Amino acid sequence: QVQLVESGGGLVQAGGSLRLSCAASGKASGRTFGSYIMAWFRQAPGKEREVVAVISGSGFTTYYAESVKGRSTISRDNAENTVYLQIDSLKPEDTAVYYCAGGPGPGVASTRREYNYWGRGTQVTVSS
């Protein structure tokens, strides 16, 4: 019953910044948005989907892939049922379709198997 919708993708020049948003709607088993761990995955052409960042339900715990560590920030606003991904110093290698995902937790996970709700993705293209 939970639906995730990503937004904020587009064409950005290398070195620029982008903030992606993921809005959640609906409900599952009476759970609140704050009870779900949320994550961002991405998939580049010809490659497998990989985790970018993960955030716990409370927002206290986060995880970042090595490729974006230090230039990326995942955050959430549980009152608005929204999770964000800010990426600075964008590189052409960041070009991919970015997906928002949610899972029951309680632990932070970085594998696709742990997530049962997925958005349809938003395209991010970084030009050089």
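I will try to describe carefully the structure that is included in this document. (Residues numbered from 1 in each chain as written. Predicted model: local features only at pLDDT ≥ 70, side-chain atom pairs only at ≥ 80, totals over all residues. Heavy atoms only, no water.)

1. Section: the overall build of the protein
A count of helical and extended segments in the protein gives zero helices and 11 strands. The C-alpha radius of gyration of the protein comes to 14 Å, within 12% of the 14 Å expected for a compact globule of 128 residues. Seen through its C-alpha atoms, the protein measures out along the principal axes to roughly 45 × 25 × 25 Å. The contacts in the protein between residues at least 6 apart in sequence include a share of 59% that link residues at least 24 apart. Entry remark: accessible area of the protein is about 6,700 Å², with carbon and sulfur atoms responsible for 46%. Side chains of the protein give 13 positive and 10 negative charges; the mean places of these two sets differ by 5 Å. (Helix = DSSP H or I, 4+ residues; strand = E, 2+ residues; numbered from the N terminus. Rg over C-alpha atoms; globule rule 2.2 N^0.38 Å. Contact = heavy atoms within 4.5 Å. Areas by Shrake-Rupley, 256 points an atom, 1.4 Å probe, with all protein chains shown as cover. Lys, Arg positive; Asp, Glu negative; His and termini not counted. Charge placed at Lys NZ, Arg CZ, Asp CG, Glu CD.)

2. Some points on the side chain of Arg 42
Within the fold, Arg 42 resides in strand E4 (residues 37–43). Take Arg 42: its relative accessible area is 6%, and that puts it in the buried class. Within the structure, Arg 42 has its side chain in polar contact with the side chain of Asp 94 (distance 2.9 Å). A polar contact is formed between the side chain of Arg 42 and the side chain of Tyr 98, at a distance of 2.9 Å. In this structure, Arg 42 is in contact with Glu 48, Arg 49, Glu 50, Val 52, Ser 67, Val 68, Glu 93, Asp 94, Ala 96, Val 97 and Tyr 98, ignoring residues within four places of it in sequence. (Buried < 20%, exposed > 50% of the residue type's maximum accessible area, 1.4 Å probe, protein only. Polar contact = N/O pair within 3.5 Å; in protein donor to acceptor, adjacent residues only side chain to side chain.)

3. A look at unusual backbone geometry
Of note in the backbone geometry, Asn 81 takes a positive phi value of approximately 55° without being a glycine. With respect to the element layout, Asn 81 can be found in the loop between strand E7 (72–77) and strand E8 (82–87). A positive phi angle, near 50°, is found at Ser 89, a position not held by glycine. Looking at the secondary structure, you find Ser 89 in the loop between E8 and strand E9 (96–103). On the basis of relative accessible area, Ser 89 is assigned to the partly exposed category, the value being 42%.

4. Brief notes about the sheet that holds E7
Pairing is antiparallel in the open sheet, where four strands are placed in the order E1-E3-E8-E7. Bordering the open sheet on either side are strand E1 (3–7) and E7, each of which pairs with just one other strand. When the angles between neighbouring strand axes are averaged without regard to direction, this sheet yields 15°. With five bridges joining them, E1 and strand E3 (residues 18–25) adopt antiparallel strand pairing. Bridge pairing in E3 places Leu 4 opposite Ala 24. (Pairing = 2+ DSSP bridges. Axes fitted to C-alpha atoms, helices over the stretch in contact; angles between N-to-C directions.)

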